[in-house]
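Reading the structure
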Amino acid sequence: MASSGIPATESTIGARSNPSDAPGTPDAVAAGSAGRPVNPKLVLLLVCVAQFVLLVDDTIVNVALPTIGDDLDFSESSLSWVTNAYFLTFGGFLLIGGGLADLLGRRRLFGISLVLFVLASAVCGIAPDSGVLVGARAAQGIAGALLSPAALAILLATFREPAERARALGTWAALTGLGAATGLLLGGALVEWTHWRWIFLINLPIGALTLLALPRVIGPDDREAVRRVPDFAGAAIGTAAVLTLVYTVVETPTHPWGSTRTLLGLTIAAVLALGFTLRQRSAAEPLLPRALLRMRHLVLADVLVLVAAGGLFAMFFFLTLYMQRIQGWSPMDTGLAFLPFSVGMGLGAAVSTKLIANRGPLLPVSVGPAIAAGGMWLMSRLDEHSSYTGHLLPALVVTGLGLGVAFVAIIHTATGGAGEGEGGVASAMVTTCQQIGAAIGIAVLVTIATNHTRDRMASGILERQATVDGFSRAFEIQAGLMGVAALLGIVVGVATERHHAGRK
């Protein structure tokens, strides 16, 4: 099989005048404040720490929600907004974040957004009431939407040689599952040993150390580089479309899919999406560069991320409920139970990196989701008497292994064709699909599981068993989603190979 690594000419659009800045010399990109070359591994560590914190915040509040609700007098219906506010704004503002990364410069936006994230985390940690906490969580999401594409754009600009970029993206992709699982573990530990407020305050020392290291690890942005001015009018329309869609979806547990409010929200989102599309076709500098949209393999990889994220984050949601409500485990025990998943995902990412370097992304991008589908099918076989070692542990390891194999190849494909000046937008497209997929997946599957549980109880099944049956139905659908992702992976892999073969 022909190699599908990214040719040097493709990942270094915009030649530099200094010979030392040639493609394949990441030290030239990762220069510190004094202009000294810095080990690119430090750059990778820095941006991965930032991304890791964002991913941890996706799940760290889950095990603390009951305690937060009691302390701040949340109603049962409003408590979900502690997570939804972050989810909503993070997914909604990513397109603007990607455009700003390319306009303002990667390092500048990285620093600004990290400061905003730390400040928002501080407000979350000292919030006196529910309204302040939800507002601060929304601010956290906006800051994260600016920080994530800037971090990935730095990574893409630093690691340009195909094998090095594949290894760096392997680490980045592994953080998706590792961050989510670590959030559950860390949240459980902090709630059990300290106070729930520390799930937010812990971001302060991490953010401060990252900010201190930033000018020493990553060189200043190239002020002489020609920067395109994104279409911010289009960005506003696109952001409104995403916000409307995600808000409508996360409210479906309260307003069913067939309700007038939900149908109206979906209609408005569709109209805004159409307006965004028309605007992008007419804009002189579209938010989504036409060169990226013409790369069929890149667009298909983003669709694959959308589908896979719907299964992954819904898995964490339902397994957490299963462990605490059915098995009766503490928050700390729940977090520890996810560690084998993180190990499996790390091993899968290592395998995928080698496969991409030697054979291209076709095999991992298709086989990985299929393995994950098998793990989620095992989860659908869980019942109220299932043991951890005999039932849950194998399912977690298999699922983590498959997702680790898949995500490295997916992210490599979804960002590999972006030029240096388009790295922020390419990364924003990937993360937007991830956040939207997660939001839609959780909302749809919660509705399905709840309805199935209600039907089982109406037929005379006890509530505990009926709840497990609802979870099982959700896991079956998640396994189906991963099966669809595996089929999409074949299409993505073939399109990627054809793209690179055409450039030779």
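These remarks concern the structure in this document. Predicted model, so just to flag it, every value in this text is computed and none were measured.

So, on to helix α5 (residues 106–126). Counting along an α-helix, one turn takes 3.6 residues, and residues three or four places apart therefore face a common direction. The first and last C-alpha atoms of α5 sit 31 Å apart over 21 residues, in line with the 30 Å expected at 1.5 Å per residue. Residues of α5 that are buried include every one of Arg 106, Leu 109, Phe 110, Gly 111, Ser 113, Leu 114, Phe 117, Val 118, Ala 120, Ser 121, Cys 124 and Gly 125, and no others. Among the structural elements, α1 (40–59), α3 (81–92), α4 (94–104), α6 (130–158), α8 (198–201) and α9 (203–217) are those in contact with the buried residues of α5.

Note on placement: Ile 356 falls in helix α15 (residues 339–359). For the pair formed by Ile 356 and Val 405, sequence separation is 49 residues and the distance between their alpha carbons is 10.0 Å.

Excluding glycine, a negative phi dihedral is what most residues carry, and trans is how most peptide bonds are arranged. Non-glycine residue Asp 73 carries a positive phi angle of around 60°. Within the secondary structure layout, Asp 73 lies in the loop between α2 (65–72) and α3. Here Asp 73 falls in the exposed class, since its relative accessible area comes to 66%.

Attention now moves to the nonpolar core. Membership of the largest hydrophobic core comes to 113 residues, with the highest contact counts inside it found for Phe 110, Leu 155, Met 315, Phe 318 and Leu 319. Counting residues per element, this core draws most heavily on helix α13 (residues 296–326), which supplies 19 residues. When near neighbours in sequence (up to four residues on either side) are disregarded, Leu 319 contacts Phe 338, Met 379, Leu 382, Leu 392, Leu 396 and Phe 475. Among the nonpolar cores identified, the runner-up in size contains 19 residues, and Leu 72, Leu 133, Val 191 and Ile 199 belong to it.

What follows covers the packing of aromatic side chains. A complete count under the given rule lists 9 aromatic pairs for this structure. Here the aromatic rings of Phe 316 and Phe 338 are separated by 5.5 Å at their centres, their planes lie at 50°, and the arrangement is tilted. Taken together, the residues span a long stretch of sequence, with Phe 316 in helix α13 and Phe 338 in the loop between α14 (331–337) and α15 at a distance of 22 residues. Relative accessible area serves as the criterion here: at 1%, Phe 316 is assigned to the buried category. The rings of Phe 317, Phe 318, Phe 471 and Phe 475 are connected pair by pair, giving a single aromatic cluster.

The rules behind these values
Residues numbered from 1 in each chain as written. Predicted model: local features only at pLDDT ≥ 70, side-chain atom pairs only at ≥ 80, totals over all residues. Heavy atoms only, no water. Helix = DSSP H or I, 4+ residues; strand = E, 2+ residues; numbered from the N terminus. Expected span 1.5 Å × (residues − 1). Buried < 20%, exposed > 50% of the residue type's maximum accessible area, 1.4 Å probe, protein only. Contact = heavy atoms within 4.5 Å. Core = buried A, V, L, I, M, F, W, Y, C linked by side-chain atoms within 4.5 Å. Phe/Tyr/Trp six-rings, centres within 6.5 Å; stacked < 30°, edge-to-face > 60°.

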